[in-house]
Amino acid sequence: MTANPRRQLRPTDVKRLNRTWRRNTEGRLALIVESVTGPFNIGSIFRTAAAFGVERIWLAGNATPPTNPKAQKTALGTDRLVAWEEPVPAAEAVRAARQDGFRVVAVELTGDAVPLHEAKLDGDVCLVVGSEDHGCSPALLEAADAVCYIPQVGRVGSFNVGVATAIAVAEARRQEWAGRPSPAGETGPQEAAGRE
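Bear in mind that the values here come from a model prediction, so they are computed numbers and not experimental data. (Residues numbered from 1 in each chain as written. Predicted model: local features only at pLDDT ≥ 70, side-chain atom pairs only at ≥ 80, totals over all residues. Heavy atoms only, no water.)

**A word on the pairing of strand E4 (residues 103-107)**
Part 1 of the argument: Summarising burial for E4: four of the five residues are buried, a large majority.
Part 2 of the argument: Both E4 and strand E7 (residues 146-149) contribute to a ladder of three bridges, which runs parallel. The residue of E7 that forms the bridge with Ala106 is Val147. (Buried < 20%, exposed > 50% of the residue type's maximum accessible area, 1.4 Å probe, protein only. Helix = DSSP H or I, 4+ residues; strand = E, 2+ residues; numbered from the N terminus. Pairing = 2+ DSSP bridges.)

Next up, the structure:
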């Protein structure tokens, strides 16, 4: 009897699938989070970072640390899975990211920004997001290697910073995985579902 391929995966099947994607992912990802003060946004950013294999987060400006009790409610302990640095000035965070081998790409609406899907996000890239109210500071934008923006077609001017971070990090991984065969063919959910 064949198992229903549309059933939700069991936790062990999810771990197996995630492990397969992890083995097929080589690019290093990092984040600079500048002056994001909302603890729920910080928690959301850390949870997204852990899910997509971000290896380090540099906090900059007056960013709220993930140890904040409200941030913990959203992060659900995922802040333990991502290395992070205490807040420093933005230029210092950019310098540290470059010294660690990352190309720094800010996610912001500027005159020279390219659409996110056209930005070069493969390889070792550190994405930068800025505060809820003002975005990235001029100093940070000046220090970044490139700037990209998330195209929108609605009548809202911007995304929530936690959502924008998730979109940008997902796009960076998508660019890396594009053109490669899906690892799901090796030990994917359907194969896992057949092992009852």
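Structure shown, so let's carry the discussion forward.
**Topic: the environment of Ala93**
Part 1 of the argument: Within the fold, Ala93 resides in helix H4 (residues 90-99).
Part 2 of the argument: Between the C-alpha atoms of Ala93 and Asn24, which are 69 residues apart in sequence, the distance is 29 Å.
Part 3 of the argument: Non-local contacts of Ala93, meaning those with residues more than four positions away in its chain, are made with Ile32, Trp58, Ala60 and Val88. (Contact = heavy atoms within 4.5 Å.)

**Focus on the confidence of the model for the chain**
Part 1 of the argument: Residues at a pLDDT of 70 or more form 91% of the chain, whose mean pLDDT is 90.
Part 2 of the argument: The low-confidence segment residues 187-196, where pLDDT is below 50, has 20 contacts with residues more than four positions distant or belonging to other chains. (pLDDT = per-residue confidence, 0-100.)

**Quick notes on the packing of aromatic side chains**
Note on aromatic pairs: each is described by the distance of the centres and the angle between the planes.
Part 1 of the argument: What the rule picks out here adds up to three aromatic pairs.
Part 2 of the argument: Ring centres 4.7 Å apart and planes at 50° place the aromatic pair Trp21 and Trp177 in the tilted group. In this pair, Trp21 sits in helix H1 (residues 11-23) while Trp177 sits in helix H6 (residues 161-177), placing the two residues 156 residues apart along the sequence.
Part 3 of the argument: The exposure class of Trp21 is partly exposed, given its relative accessible area of 26%. (Phe/Tyr/Trp six-rings, centres within 6.5 Å; stacked < 30°, edge-to-face > 60°.)

**Brief notes about a positive patch on the surface**
Part 1 of the argument: A cluster of basic residues, Lys15, Arg19, Arg22 and Arg23, forms a positive patch on the protein surface.
Part 2 of the argument: Turning to its location among the elements, Arg19 is positioned in helix H1. (Patch = residues over 30% accessible without salt bridge, like charges linked within 9 Å, V, L, I, M, F, W, Y side chains within 5 Å. Areas by Shrake-Rupley, 256 points an atom, 1.4 Å probe, with all protein chains shown as cover. Salt bridge = Lys/Arg side-chain N within 4 Å of Asp/Glu carboxyl O. Lys, Arg positive; Asp, Glu negative; His and termini not counted. Charge placed at Lys NZ, Arg CZ, Asp CG, Glu CD.)

**So, the sheet that holds E4**
Part 1 of the argument: With respect to topology, seven strands assemble into an open sheet ordered E3-E2-E1-E6-E4-E7-E5, the strand pairing being parallel. Taken across any chain shown, the strands that pair with only one partner, and hence form the sheet edges, are strand E3 (83-88) and strand E5 (114-115).
Part 2 of the argument: Here four bridges tie E4 to strand E6 (residues 125-129), and the two strands are oriented parallel to one another. By the bridge assignment for E6, Val104 is matched with Cys126.
Part 3 of the argument: Across the sheet, H4 is in contact with strand E1 (29-34), strand E2 (54-60), E3, E4 and E6; its angle to E2 comes to roughly 160°. (Axes fitted to C-alpha atoms, helices over the stretch in contact; angles between N-to-C directions.)

**Side note on the pattern of salt bridges**
Part 1 of the argument: Tallied over the entire structure, the rule returns 11 salt bridges.
Part 2 of the argument: Residue Arg10 pairs with Asp13 through a salt bridge whose shortest N-O separation is 3.3 Å.
Part 3 of the argument: For Asp13, a relative accessible area of 2% translates into the label buried.

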